[in-house]
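# Architecture at a glance
These are the residues of each chain, in order.
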Amino acid sequence: MESVKIGLLGLGTVGAGTVNVLKRNAEEIERRAGRSVEIVCASARDLNKPRACDLDGVRLVADPFEVVTANDVEVVVELIGGASLSRELVLKAIEQGKHVVTANKALIALHGNEIFAAAQDRGVDVAFEAAVAGGIPIIKAIREGLAGNRIEWLAGIINGTGNFILTEMQSEGRSFADVLAEAQALGYAEADPTFDVEGIDAAHKLTILASIAFGMPLRFADVETQGISAVTQEDVQYAEELGYRIKHLGIAKRQGRGVELRVQPVLVPEQALLANVNGVMNAVMVHGDAVGSTAYYGAGAGAEATASAVVADIVDVVRLLTADPGHKVPHLGFQPHAINDLEVLPPSEIVCGHYIRMRVADESGVLAKISGLLAESDINIDAIQQKEPEGPEDDVTVVMLTDEVREGDLAEALSRIESQSFVRNGIKRMRVAHFDH
Ligand code: NDP
Ligand code: HSE
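Here goes a summary of the coordinates provided. (Residues numbered from 1 in each chain as written. Chains lettered and ligands numbered in written order. Predicted model: local features only at pLDDT ≥ 70, side-chain atom pairs only at ≥ 80, totals over all residues. Heavy atoms only, no water.)

### Side note on the site of ligand 2
Around ligand 2, the neighbouring residues are K105, N159, G160, T161, Y188, A189, E190, D196, D201, K205, G300 and A301. The side chain of K105 places a nitrogen or oxygen atom 2.4 Å from an oxygen atom of ligand 2. Between ligand 2 and the protein, one listed contact pairs an oxygen atom with a side-chain N or O atom of K205 at 2.8 Å. Considering ligand 2 on its own, with 260 Å² of exposed area, one finds that the protein chains cover 94% of that surface. Elements represented by at least two residues in the shell around ligand 2 include exactly helix 7 (160-172) and helix 10 (200-214). Residues belonging to the shell around ligand 2 are distributed by class as follows: 3 nonpolar, 4 polar and 5 charged. (Near = heavy atom within 4 Å. Polar contact = N/O pair within 3.5 Å; in protein donor to acceptor, adjacent residues only side chain to side chain. Areas by Shrake-Rupley, 256 points an atom, 1.4 Å probe, with all protein chains shown as cover. Helix = DSSP H or I, 4+ residues; strand = E, 2+ residues; numbered from the N terminus. Nonpolar A, V, L, I, M, F, W, Y, C, P; charged D, E, K, R; others polar.)

### So, the site of ligand 1
Neighbouring residues of ligand 1: 23 residues in total, closest L11, D46, R51, E190 and G302. G12 places a polar main-chain atom, nitrogen or oxygen, 3.1 Å from an oxygen atom of ligand 1. Between ligand 1 and the protein, one listed contact pairs an oxygen atom with a backbone N or O atom of D46 at 2.8 Å. Across the complex, the protein chains shield 84% of the 900 Å² of accessible surface that ligand 1 would expose by itself. Within the shell around ligand 1, the residues separate by chemical class into 9 nonpolar, 8 polar and 6 charged.

### Description of the packing of aromatic side chains
In total, this model carries 2 aromatic pairs according to the counting rule given. Relative to Y188, the ring of F164 lies with its centre 5.9 Å away and its plane at 90°, an arrangement referred to as edge-to-face. Remark: Y188 occurs in the loop between helix 8 (176-185) and helix 9 (194-197) and F164 occurs in helix 7; sequence separation between them is 24 residues. A single burial state applies to F164 and to Y188, both of which are buried. (Phe/Tyr/Trp six-rings, centres within 6.5 Å; stacked < 30°, edge-to-face > 60°. Buried < 20%, exposed > 50% of the residue type's maximum accessible area, 1.4 Å probe, protein only.)

### Considerations on the nonpolar core
In terms of nonpolar packing, the biggest core is built from 56 residues, with I138, L209, L261 and V286 touching the most fellow members. For this core, the element with the most residues is helix 10, which contributes 9 residues. Composition of this core by domain shows at least three residues from each of domain 1 (4-135 + 303-338) and domain 2 (141-299). Filtering out sequence-adjacent residues up to four positions away, L261 remains in contact with L206, A210, M216, D222, V223, E224, I251, A252 and V344. V14, L22, V58 and A130 belong to the second-largest nonpolar core, a separate cluster that totals 32 residues. (Core = buried A, V, L, I, M, F, W, Y, C linked by side-chain atoms within 4.5 Å. Domains from an automatic or database assignment. Contact = heavy atoms within 4.5 Å.)

### Examining helix 14 (residues 407-418)
In this model, helix 14 (12 residues) spans 16 Å end to end at C-alpha, consistent with the 16 Å of a helix rising 1.5 Å per residue. Buried positions along helix 14 lie against strand 15 (354-360), helix 13 (366-376), strand 18 (405-406) and strand 19 (428-432). (Expected span 1.5 Å × (residues − 1).)

### Considerations on the pairing of strand 1 (residues 4-9)
The buried fraction of strand 1 amounts to 6 of the 6 residues, a majority that puts the element mostly inside the structure. Here strand 1 shows a buried face lined by V4, I6 and L8 and a second buried face lined by K5, G7 and L9. Where strand 1 and strand 4 (residues 75-78) come together, 4 bridges link them in parallel fashion. Its bridge partner being in strand 4, G7 is matched across the sheet by V76. (Pairing = 2+ DSSP bridges.)

### Quick word on empty space enclosed by the protein
What the rule picks out here adds up to 1 cavity of 30 Å³ or more. Taken together, F128, E129, I139, K140, R143, E144, D313 and D316 make up the full set of residues lining the largest cavity. When residues of the lining of the largest cavity are traced back to their parent elements, those giving at least two are helix 6 (138-145) and helix 12 (303-321). Considered class by class, the residues forming the lining of the largest cavity number 2 nonpolar, no polar and 6 charged. (1 Å grid on protein atoms, 1.4 Å probe; cavity = no way out; pocket = protein on both sides within 12 Å on 5 of 7 lines; lining within 4 Å. Points joined across faces, edges and corners; volume = space filled by probe spheres on them.)

Spelled out as structure tokens, the structure:
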């Protein structure tokens, strides 16, 4: 049987990794897919740049639209990134009746609703396993492996760069900037690393996970998004003293009439599985009503780890070429007519424990006043620590953990505390995440 002809957009970290894996494992891939796979055409901005892969026999072009419209290309693999040009290219490929594989979470989170509708109309597939958690087959696990469940919640470390930075800050005491530069050199970071550091990349991925878990449209704008740039060595150390580690998590959870969608640094008990996922590794826990809690772990970024997911999607698409496209797995795992929108709850409605840090005057009765003001709002303190006075003013740092509380109630209580004369500056807080269901 003739080989399936691939057109590749992008020859950077993931593009080169994909070429290498396709070549090295060509025999295994053909045994699995039923046909061999051949890259016939590839595009990059700079055709003279040395590449980390062998491009013998591949037609190289500077204009990515040439790849998409080439007569000999049957499957387009988009590995350029960004959400604007990639949207145009992918819509063009679909219009041409070509299947698409992409690793681009920004594209799917922002334009997935439009892209999937266009693909559905044209009867082609858009596969995006590599868009979430690098090499971990989490899309397949939720969409297919857990298809018998009502998914209650999922929580995960879904940005490798952010986890690498937090791990190195925690274990080696290294500076934020230094570790970020290393993540960039290793090819983990996005073209714009603020996407990693400010939680945007994780929010893209959480948007996708929530849609396939709950069967809702992609709602990126509604994800509450915080990154790791405000996490200090001090917080890392205080959390550790309380028996916690700070991890940047994406959390999607059914809650009453709606869902919580949030990415942020949270305190995770040090013995919990997610607290022990380090470096560039990602892990996602998914809780289904039938199966209970499940966990998926692996490299969240990097050339070949990501290529592993890209190539798996290529194999799926090749299998589809010989099957009935009407019977393929739906893009979001739910049939298009069965996608139901859900209300995304505002942060004030989220109920969880909190880590609170504030600087106060070293006076008697301060701790009693703080706990009294919290008690007025029925907020229990789980742990409280007063640190040794430092600095010329003799102020002290107070660190505490609260019981579960509705965030709106906590915010009101903290603003009453903040207005007390003994409080020296803004109060810092982070949510605590327990997964003991
Ligand atoms: P790179 O920046 O390493 O590679 C991007 C490639 O696209 C380069 O070959 C570049 O050409 C080409 N390119 C960029 N802009 C344009 C443009 N305007 N027109 C034509 N070609 C262009 O990115 P990655 O390989 O790291 O990432 C690719 C995709 O995979 C992104 O969507 C990313 O989010 C996703 N991803 C990345 C992971 C990783 O670990 N790196 C993991 C999971 C997903 P040139 O080389 O000539 O500059
Ligand atoms: N920049 C991303 C990360 C790449 O660090 O997780 C993988 O999606």
